[in-house]
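Summary of the model geometry
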Amino acid sequence: MSDFIPVNTPLLDGNEKRYLNECIDTGWISSEGPFVKKLEKEFSAYTGQKYGSCVANGSVAIDAAVRAMKSVYGWADGDEVIVPNFTIISTAQSLIYNNLKPIFVDAEPLTWNMDTSKIEEMITPKTRAIMVVHIYGLPTDMDKVFALAKKYNLKIIEDAAQAHGQTYRDKKCGGMSDISTFSFYANKHIACGEGGMIMTSSEDLIEKVNYYKNLCFSKDRFVHYDLGWNFRMSNLQAAVAYAQFEKLEKSIQKKKEMGAWYQELLKNIPAQLPVHKTAYAENNYWVFGLVLNDDVRFNAKEAMQKLADKGIGCRPFFYPLNEQPVFKKLGISDNIKRPVSARLYERGFYIPSGLGLSEADMDRVVKEVRSLF
Ligand SMILES: *Cc1c(COP(=O)(O)O)cnc(C)c1O
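Residues numbered from 1 in each chain as written. Predicted model: local features only at pLDDT ≥ 70, side-chain atom pairs only at ≥ 80, totals over all residues. Heavy atoms only, no water.

This brings us to the overall build of the chain. Counting secondary structure elements, the chain contains 12 helices and 13 strands. Dimensions of the chain along its principal axes, counting C-alpha atoms only, are 65 × 55 × 40 Å. Across the 373 residues that make up the chain, the buried fraction comes to 55%. Here the analysis covers contacts within the chain between residues at least 6 apart in sequence; of these, 71% occur between residues at least 24 apart. Accessible surface, the chain as shown: approximately 16,400 Å² in total, 51% of it carbon and sulfur. (Helix = DSSP H or I, 4+ residues; strand = E, 2+ residues; numbered from the N terminus. Buried < 20%, exposed > 50% of the residue type's maximum accessible area, 1.4 Å probe, protein only. Contact = heavy atoms within 4.5 Å. Areas by Shrake-Rupley, 256 points an atom, 1.4 Å probe, with all protein chains shown as cover.)

This is the structure:
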């Protein structure tokens, strides 16, 4: 199709090219380059954490964060961490790689975030942490999480891969937990192709993160006491990410305008639109999701196919983690039903939401979505 509108179109209209040229002109292309350090320092300060550590992507950021937590706090194999059931596999996968057990909590039907009223019943003597993931532009309702963490002495891990610059009350997402992670994948608020960051205010945690992400080099270089990974981010990626960070507030403002526009033009369709505002946050529409009403006679998959036939690229919502075939194979699932996330997958999808989308593109998306019904 000639004029296909992809689900994401990044916008690289700031200093990206200039900074990339700087890397090439100076020869600083590896992780030792200055953009890596600038991004670590400035993005973590902006977010409200003392330290940042750049890595290759948002998934390995979680791997390193969880391993550092397990080591610093002395968690045992088999200890449990609460995770949302409606999220990306990277979260639970990191726990499994670290011999920890993910405990899945169903989603809240309107905000699509973890239903924090269902966390407490999942806490056992083995629970060590709650991992929250801010979903699609709206933060998790954190007050309940803070209270439970205090009551049961649990750590908080925050996956803020979709929430750069977003705020929960007066706190920044990624800045209100023991450790947090970000992704800089091409569709995120800060996009450099592939990239990620871990943030914390704990010196012990950041030391471990930096150790694991860099092959566990010791003071005697090439002498190793542990096995690590090479998760380092190159200065080339950091150059693009830094330019994107410089215009983060502007990008978020535009996302909010795009979200408000879709809200206005799609109101009254037989689908639930994203929650615009809650008591603790305003949606910044990382992506614009729709959940088809139960009386609509087609499901999300069929809707996405119809839209694809009209040249509109969409993405399904997350598949419920408790139903992941790989987790069943590994014997990790339980028999508890999570009906909300099951329904979100069945009925939900998101429409083109990238910053590079033109108004004409958005008009076409709206027209085709409306004509579905
Ligand atoms: C994108 C994303 C990740 C993974 O990041 P990658 O950079 O793609 O590995 C993790 N968690 C959430 C919530 C995400 O949206």
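Turning our eyes to something else, we now look at the sheet that holds strand E12 (residues 315-316). Neighbouring strands of a sheet are bound in pairs by backbone hydrogen bonds; such pairs are parallel or else antiparallel. One open sheet holds the 4 strands; their spatial order is E10-E11-E13-E12, and the pairing between them is antiparallel. Looking at which strands have only one partner, the edges of the open sheet turn out to be strand E10 (271-272) and E12. (Pairing = 2+ DSSP bridges.)

In this section: the sheet that holds strand E5 (residues 155-159). Read across the open sheet, the 7 strands follow the order E1-E9-E8-E5-E4-E2-E3; overall the sheet is mixed. Across the chains shown, the open sheet's two edge strands, defined by having one partner strand only, are strand E1 (51-55) and strand E3 (101-105). Across the sheet, the axes of successive neighbouring strands diverge by a mean angle of 20 degrees, strand direction being ignored. Here strand E4 (residues 127-133) pairs with E5 via 5 bridges, running parallel. The residue of E5 that forms the bridge with Ala-129 is Lys-155. (Axes fitted to C-alpha atoms, helices over the stretch in contact; angles between N-to-C directions.)

Turning our eyes to something else, we now look at the nonpolar core. In this structure, Leu-39, Phe-43, Ile-82, Ile-119, Ile-130 and Phe-184 are the most contacted members of the largest nonpolar core, which totals 45 residues. Elements that contribute at least two residues to this core include exactly helix H1 (16-26), helix H2 (34-47), E3, E4, helix H5 (142-152), strand E9 (196-200), helix H7 (235-246) and helix H8 (248-266). The leading source of residues in this core is H7, at 7 residues. Counting contributing residues per domain, this core is built from domain 1 (16-246) and domain 2 (248-371), each supplying no fewer than three. Those residues within four positions of Ile-82 in sequence are excluded, and the remaining contacts are Ile-103, Val-105, Met-114, Ile-119, Met-122, Ile-123, Thr-127, Ala-129, Ile-130 and Met-131. (Core = buried A, V, L, I, M, F, W, Y, C linked by side-chain atoms within 4.5 Å. Domains from an automatic or database assignment.)

Around the ligand, the structure places Asn-57, Gly-58, Ser-59, Ile-88, Ser-90, Val-133, Asp-159, Ala-161, Gln-162, Ser-183, Lys-188 and Gly-195. Here an oxygen atom of the ligand and a side-chain polar atom of Ser-183 are 2.7 Å apart. Lys-188 is positioned with one of its side-chain polar atoms (N or O) 2.8 Å from an oxygen atom of the ligand. Bound to the protein, the ligand loses 90% of the 380 Å² it would expose on its own. For the shell around the ligand, a count of residues per class yields 3 nonpolar, 7 polar and 2 charged. (Near = heavy atom within 4 Å. Polar contact = N/O pair within 3.5 Å; in protein donor to acceptor, adjacent residues only side chain to side chain. Nonpolar A, V, L, I, M, F, W, Y, C, P; charged D, E, K, R; others polar.)

All right, on to the domain arrangement of the chain then. When its domains are assigned, the chain resolves into domain 1 (16-246) and domain 2 (248-371). The C-alpha centroid of domain 2 is placed 24 Å from the C-alpha centroid of domain 1. Contacts between the two partners involve 44 residues from domain 1, matched on the other side by 37 residues from domain 2. Approximately 3,500 Å² of surface area, both sides summed, lies buried where domain 1 meets domain 2, with 66% of it carried by carbon and sulfur atoms. Its largest share of buried area at the contact with domain 2, domain 1 owes to Trp-112, Tyr-136 and His-189, together 22% of the area lost on that side. For the pair domain 1 and domain 2, the number of links is 0 salt bridges. (Buried area = accessible area lost by both parts, 1.4 Å probe. Salt bridge = Lys/Arg side-chain N within 4 Å of Asp/Glu carboxyl O.)

On to the side chain of Ser-202, then. Considering the arrangement of structural elements, one finds Ser-202 in the loop between E9 and helix H6 (203-213). Of note is the side chain of Ser-202, whose polar atom sits 3.3 Å from the backbone nitrogen of Asp-204. At 3.0 Å, the side chain of Ser-202 and the backbone nitrogen of Leu-205 are in polar contact.

Once that is clear, we can look at the packing of aromatic side chains. The full count for this structure, using the stated rule, is 30 aromatic pairs. Here Tyr-168 and Tyr-280 contribute two aromatic rings whose centre-to-centre distance is 5.1 Å and whose plane-to-plane angle is 35 degrees, an arrangement assigned as tilted. Separated by 112 residues along the polypeptide, Tyr-168 in strand E6 (residues 167-168) and Tyr-280 in the loop between E10 and strand E11 (288-292) bring together distant segments of the chain. For Tyr-168, a relative accessible area of 1% corresponds to the buried category. Residue class for Tyr-280 comes out buried when judged on its relative accessible area of 10%. Members of the aromatic cluster, connected to one another through ring pairs, are Tyr-19, Phe-35, Phe-43, Tyr-46, Phe-182, Phe-184, Tyr-242 and Phe-245. Positioned above the aromatic ring of Phe-222, the side-chain terminus of Arg-221 is 5.6 Å from the ring centre. (Phe/Tyr/Trp six-rings, centres within 6.5 Å; stacked < 30°, edge-to-face > 60°. Lys NZ or Arg CZ within 6 Å of the ring centre and 35° of its normal.)

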